[in-house]
Amino acid sequence: MVFIRDEFLSEDDLDFANLSEEERDAWCNYWLQLAQQTNDQDADAYSHGVFMFMREPR
Amino acid sequence: MNIYTDLTNKFNAGRVRCILSSGQALVLHGISLMSKDGDWIVREDDEALNHILHVLERCGARCRFGAPLDTRWLAGGWSSHFEFMTGKLRIRTDFVSRPPRISKERLARIWVEHEKSALPFVDLEALADLKKTNREKDYAIIGELARRITDVESRLLYSRSAKDILELYARHPEKTRVIMKERGITQKMLEAQDALEAALDAERRMLMHANERRLSRYAEAAHAWSEIWNDVARDVGGLSLLAAHTRIKERAETVLPYAPAEGGV
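Residues numbered from 1 in each chain as written. Chains lettered and ligands numbered in written order. Predicted model: local features only at pLDDT ≥ 70, side-chain atom pairs only at ≥ 80, totals over all residues.

Draft legend 1. A look at the overall build of chain A. The helix and strand tally for chain A stands at two helices and zero strands. Rg of the C-alpha trace for chain A: 17 Å, well past the compact-globule value of 10 Å for 58 residues, more than 25% over. In terms of principal-axis extent, the alpha carbons of chain A reach across some 55 × 35 × 20 Å. Each of the 58 residues in chain A was classed as buried or not, and the buried ones make up 16%. (Helix = DSSP H or I, 4+ residues; strand = E, 2+ residues; numbered from the N terminus. Rg over C-alpha atoms; globule rule 2.2 N^0.38 Å. Buried ≥ 20, exposed ≤ 12 C-beta atoms within 10 Å, placed from the backbone.)

Quick look at the structure:
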């Protein structure tokens, strides 16, 4: 029987460990720029901390 | 360098005042599950908080709705939130001094370990505990973090894979029995993959509900503060961050308890 390992994350997510510091930073900066596209959608949301069940009052 | 490591360096100029956490720490552990926002564990002392506020003021930051960056609220497990623009990038900085699921003693050890770190970020075990949230996806991250932990006992403590645990059980039966017992997993469950998987699923649900209850307590405790926040925001409009933060603290003192009911964290 073939042993199939449980998979948690994609290969792309895990491949990060093979990048140099410069490559990693370049990718992070690029990703952060792309992620700005959702600023309107998460304008009043929280991604960390104890206010994650709340929205920022506007 | 990216903006969050740059900020960490500025926050820690001359002294380690904060430890990079969450998504940015994952990046530094080689896992590319990034967050748009930066999250730090901050030292719970006035000098550290004052220094961070000055750095944020130089960045042109504003206070988001949240607790003041003040030891009285932070000690109650609250979080503080700031935001600024640099070029076209929206940067958010989130701070806690009492991260959830990390005991006081362990937190003290973390600070000692990072006393001389050039770029302090939370270790695999602490990150795994921080990820025990109410979000399903965080348990996949914990599963991956566990695989990177070299210590067998710690790996057993955090593993989310029944197959991984059974593999460790075959090689380290006694250690596995002891650690699994801590997790509420009996020897009988260790004898069958199905039973172990069901136990891991139940554990995940229990952890998710515990975090839901924790966040609900804070949301309830912050209700009155949220009701007056628009007025507070108008009150501090046009002020520098430092002046605004002082005013926000005064207003928060009237409605935001230092800790939620039932002790908080």
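Draft legend 2. Spatial organisation of the overall build of chain B. Each helix and strand in chain B was counted, giving 14 helices and five strands. Taking 18 Å as the expected radius of gyration for a compact globule of 265 residues, we find that chain B reaches 20 Å, a close match to that expectation. C-alpha atoms of chain B, sized along the principal axes, occupy 65 × 40 × 35 Å. Buried residues in chain B amount to 43% of all 265 residues. Once local pairs closer than 6 in sequence are excluded, the contacts in chain B between residues at least 24 apart make up 53%. (Contact = placed C-beta atoms within 7 Å.)

Draft legend 3. Quick look at the domain arrangement of chain B. Residues and elements named next belong to chain B. We note that the domain assignment places domain 1 (3-123 + 225-260) and domain 2 (131-217) within chain B. One C-alpha centre belongs to domain 1, the other to domain 2; they are set 30 Å apart. On the side of domain 2, six residues touch domain 1, which itself brings seven residues to the contact. Tallied by class, residues from the side of domain 1 that touches domain 2 come to five nonpolar, one polar and one charged. (Domains from an automatic or database assignment. Nonpolar A, V, L, I, M, F, W, Y, C, P; charged D, E, K, R; others polar.)

Draft legend 4. Just the interface of chain B and chain A, in detail. Taken together, the contact pairs 40 residues of chain B with 30 residues of chain A. Within the residue set of the side of chain B that touches chain A, elements represented by two or more residues are helix H2 (22-28), strand E5 (89-96), helix H7 (136-148), helix H9 (162-171), helix H12 (193-221) and helix H13 (223-236) of chain B. Residue classes in the side of chain B that touches chain A are distributed as 16 nonpolar, 14 polar and ten charged.

Draft legend 5. Spotlight on the pairing of strand E2 (residues 38-42) of chain B. Residues and elements named next belong to chain B. A large share of E2 lies buried, amounting to five of its five residues. Taken together, the three bridges between strand E1 (residues 18-20) and E2 define a ladder with antiparallel strand orientation. Among the inter-strand pairings, Leu20 is bridged to a residue of E2, identified as Trp40. Where E2 lies against E5, four bridges are found, and the strand directions are parallel. Paired with Asp39 across the bridge in E5 is Asp94. (Pairing = 2+ DSSP bridges.)

Draft legend 6. Just the sheet that holds E1 of chain B, in detail. Taken together, five strands build an open sheet; the order of strands is E1-E2-E5-E4-E3 (chain B) and the sheet is mixed. Edge positions in the open sheet fall to E1 and strand E3 (62-63) of chain B, since each of these has one partner strand only.

Draft legend 7. Region of interest: the nonpolar core. All names here are of chain B. With 61 residues, the main nonpolar core has Val42, Ile52, Val122, Leu127 and Leu145 as its most contacted residues. The residue makeup of this core includes at least three contributed by each of domain 1 (3-123 + 225-260) and domain 2 (131-217). Ignoring any residue separated from it by four or fewer positions in sequence, one finds Leu145 in contact with Leu124, Leu127, Ala128 and Tyr158. By size, the runner-up hydrophobic cluster in this structure holds 13 residues, among which are Leu156, Ile179, Leu190 and Leu196. (Core = buried A, V, L, I, M, F, W, Y, C linked by C-beta atoms within 7 Å.)

Draft legend 8. Structural detail: the packing of H9 of chain B against H12 of chain B. Residue and element names in this part refer to chain B. Running from N to C, H9 and H12 point in directions that differ by 120 degrees, and their axes come no closer than 9 Å. With respect to their mutual orientation, H9 and H12 come out oblique. In terms of crossing hand, the pair formed by H9 and H12 is right-handed. In this structure, H9 contributes Ala162, Ile165 and Leu166 to the contact, and H12 contributes Gln193, Leu196, Glu197 and Leu200. Class assignment of the residues belonging to the contact of H9 with H12 gives a composition of five nonpolar, one polar and one charged. (Axes fitted to C-alpha atoms, helices over the stretch in contact; angles between N-to-C directions. Parallel < 35°, antiparallel > 145°, perpendicular 65-115°, else oblique. Left-handed = near helix turned anticlockwise from the far one by under 90°.)

Draft legend 9. Examining unusual backbone geometry more closely. Despite not being glycine, Ser22 of chain B shows a phi value in the positive range, around 50 degrees. Positionally, Ser22 of chain B belongs in helix H2.

Draft legend 10. Structural context of H7 of chain B. Residues of H7 of chain B that are buried include every one of Asp138, Tyr139, Ile141, Ile142, Gly143, Glu144, Leu145 and Ala146 of chain B, and no others. On its buried face, H7 of chain B is in contact with H2, helix H6 (124-130), helix H8 (152-158) and H12 of chain B.

Draft legend 11. Structural detail: the environment of Ala224 of chain B. Counting through the fold element by element, Ala224 of chain B comes out in helix H13. A C-alpha to C-alpha distance of 7.2 Å links Ala224 of chain B and Leu256 of chain B, two positions 32 residues apart in sequence.

Draft legend 12. The environment of His223 of chain B, seen in detail. Residues and elements named next belong to chain B. Structurally, His223 is set in helix H13. Using a count of 12 C-beta atoms within 10 Å as the deciding quantity, one classes His223 as exposed. Considered as a pair, His223 and Ala202 are 21 residues apart in the sequence and their alpha carbons are 31 Å apart.

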